[in-house]
Amino acid sequence: MRRLVLALAAMVPVALGACVDQAAGGGAGARDQIRVVGSSTVYPFTTLVAEQYLAADPNARPPVIESTGTGAGIRLFCAGVGASYPDLVDASRRIKPAEYADCARHGAGDLMEVQIGLDGIALAQSRRGPAMRLSPLLLFRALAAAPGGQPNRSRTWRDLDPALPATPIRVYGPPATSGTRDAFAELILARGCETLQPELATLREHDRPAFDARCLRVRDDGPYIDAGENDNLIVQKLGANPDALGIFGYSYLEENSDAIRGVVISGVEPSYRAIADGRYPSARPLYVYVKRSHLRAVPGLRRFLALYAANWSPGGALSRRGLIPSPADVRVRAADTIAHDRALDPSALDPVSSEPRVTG
């Protein structure tokens, strides 16, 4: 887990216990330091917003930003309202109905949902390794625990396709708590599973737990390696092992393009344009969620949130850091949500699937 305090952290106290908790409805005092948890993919974009926030007001308390992974971040975020709980969670997938229900049970259901942009879940490899061209079906057969209902015995890529190299299947990826892992499963493994067994598309609609068990469960016998939430660590592992593949957000591929290259999937190379227009199979939206009651309680939180909208257009600072802008209509709706504190309608959350969608 990465944790960033944008200043001399040891010199900045977080005012929690000594003040009345305004976010919980208590009165006139509250924590005066913004706290963010969540996605490692969204982390570099939120740190840029924090840098701009401090540049505009050097007297502001430095935000605390923790890269916990989407799932773990949402659990922390939903645990309650008030100074002891995060104000904002970064998410590399949409919040699930069950997660929203957990928020509501803890009094934290009054949320805003803001799509800040797009990303692609890139598969990458060292530039020193053999160039790979894969598909969702091949990736499902390589990484699923039981493709076709049978335990996965494939050990090399050539076991799957004689045109592929006879190198071991070794894929470094995020843990089960990661939104990137969730999105990879939904966008790649599910698609490959339904290609192999088209009849399972009906199972997805009528028995989601059974579909997940058949299609989304990743093998745990070695070829898939949980590399934690630090995407930079996966990049380093690819440098040390030219035959391995890695899974992370596109921005990390772009940032390290001198050492690694994207893996072509279904004939499409991961690129800014291919993700923006939806051609790359694993394009996905990125979100931040914020507690509306904390907007009133935590100094500067409104300005912090508005900085996403000020920087997410094509050519903006977030784009220059690797965020791919959402379509124009999605940006307009997201900016309106920020400007008018519009609450998330939980009925809009898909009760069947949390599958990411590129457009709103």
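Some points on the packing of helix α5 (residues 179-196) against helix α7 (residues 208-215)
Interhelical geometry of α5 versus α7 gives an angle of 90° and a closest axis separation of 10 Å. Regarding the angle of α5 to α7, the classification is roughly perpendicular. Residues E186, L189, A190, C193 and E194 of α5 lie in contact with α7, whose contacting residues are R208, F211, R214 and C215. Its residues placed into classes, the contact of α5 with α7 shows five nonpolar, no polar and four charged.

Overview of the pairing of strand β5 (residues 111-126)
Burial analysis of β5 places 16 of its 16 residues in the buried class, the great majority of the element. Across nine bridges, β5 lies against strand β12 (residues 283-291) in antiparallel orientation. In the sheet register, E113 faces β12, and the bridge partner there is Y289. One ladder, built from five bridges, connects β5 with strand β9 (residues 245-249); its direction is antiparallel. Across the sheet, the residue bridging to L123 is I247, located in β9. Strand direction decides the pairing type here: β5 and strand β10 (residues 260-262), joined by three bridges, are antiparallel. Within the sheet, the bridge partner assigned to A124 lies in β10 and is G262.

Regarding the packing of aromatic side chains
Counted according to the given criterion, the structure contains four aromatic pairs. The interplanar angle of 80° and the centroid separation of 5.6 Å between the aromatic rings of Y53 and F304 together place this pair among those described as edge-to-face. In this pair, Y53 is assigned in helix α1 (residues 43-56) and F304 in helix α12 (residues 301-311), connecting sequence segments 251 residues apart. Accessibility expressed as a relative area gives 3% for Y53, which makes it buried. The class for F304 is buried, based on a relative accessible area of 0%. Measuring from centroid to centroid gives 6.0 Å for F304 and Y308, while their planes differ by 80°, and the two rings are edge-to-face. Pair noted here: F304 and Y308 are both in helix α12, with a separation of four residues, about one helical turn. Pair check on accessibility: F304 and Y308 agree, each one buried. Each member of the aromatic cluster is reached from another via a ring pair, and the members are Y53, F304 and Y308. Positioned above the aromatic ring of F77 is the side chain of K291, whose terminal nitrogen or guanidinium carbon lies 4.5 Å from the ring centre.

Regarding helix α3 (residues 97-105)
Inspection of α3 places E99, Y100, D102 and C103 among the buried residues, and these make up the whole buried set. Axial view of α3: buried residues confined to an arc of 155°, hence all on one face. Exposed residues lying more than 90 degrees from the buried face of α3 are A98 and R105. Of the surrounding elements, those touching the buried residues of α3 are α2 (70-78) and β5. At the exit of α3 stands G107, carrying a positive phi of roughly 75°.

What about the state of the cysteines?
Enumeration over the complete set of coordinates arrives at two disulfides. Paired through a disulfide, C78 and C103 show a sulfur-sulfur distance of 1.9 Å. The S-S bond linking C78 to C103 shows a torsion near -70°; that makes this disulfide left-handed. Residue C78 is found in helix α2, and its partner C103 is found in helix α3; the two are separated by 25 residues along the sequence. Paired by a disulfide, C193 and C215 hold their sulfur atoms 2.0 Å apart. Handedness of the C193-C215 disulfide follows from its S-S torsion of about -50°: it is left-handed. Residue C193 is found in helix α5, and its partner C215 is found in helix α7; the two are separated by 22 residues along the sequence. Pair check on accessibility: C193 and C215 agree, each one buried.

Rules of the game
Residues numbered from 1 in each chain as written. Predicted model: local features only at pLDDT ≥ 70, side-chain atom pairs only at ≥ 80, totals over all residues. Heavy atoms only, no water. Axes fitted to C-alpha atoms, helices over the stretch in contact; angles between N-to-C directions. Helix = DSSP H or I, 4+ residues; strand = E, 2+ residues; numbered from the N terminus. Parallel < 35°, antiparallel > 145°, perpendicular 65-115°, else oblique. Contact = heavy atoms within 4.5 Å. Nonpolar A, V, L, I, M, F, W, Y, C, P; charged D, E, K, R; others polar. Buried < 20%, exposed > 50% of the residue type's maximum accessible area, 1.4 Å probe, protein only. Pairing = 2+ DSSP bridges. Phe/Tyr/Trp six-rings, centres within 6.5 Å; stacked < 30°, edge-to-face > 60°. Lys NZ or Arg CZ within 6 Å of the ring centre and 35° of its normal. Arc of directions from axis to C-beta. Disulfide = S-S within 2.5 Å.

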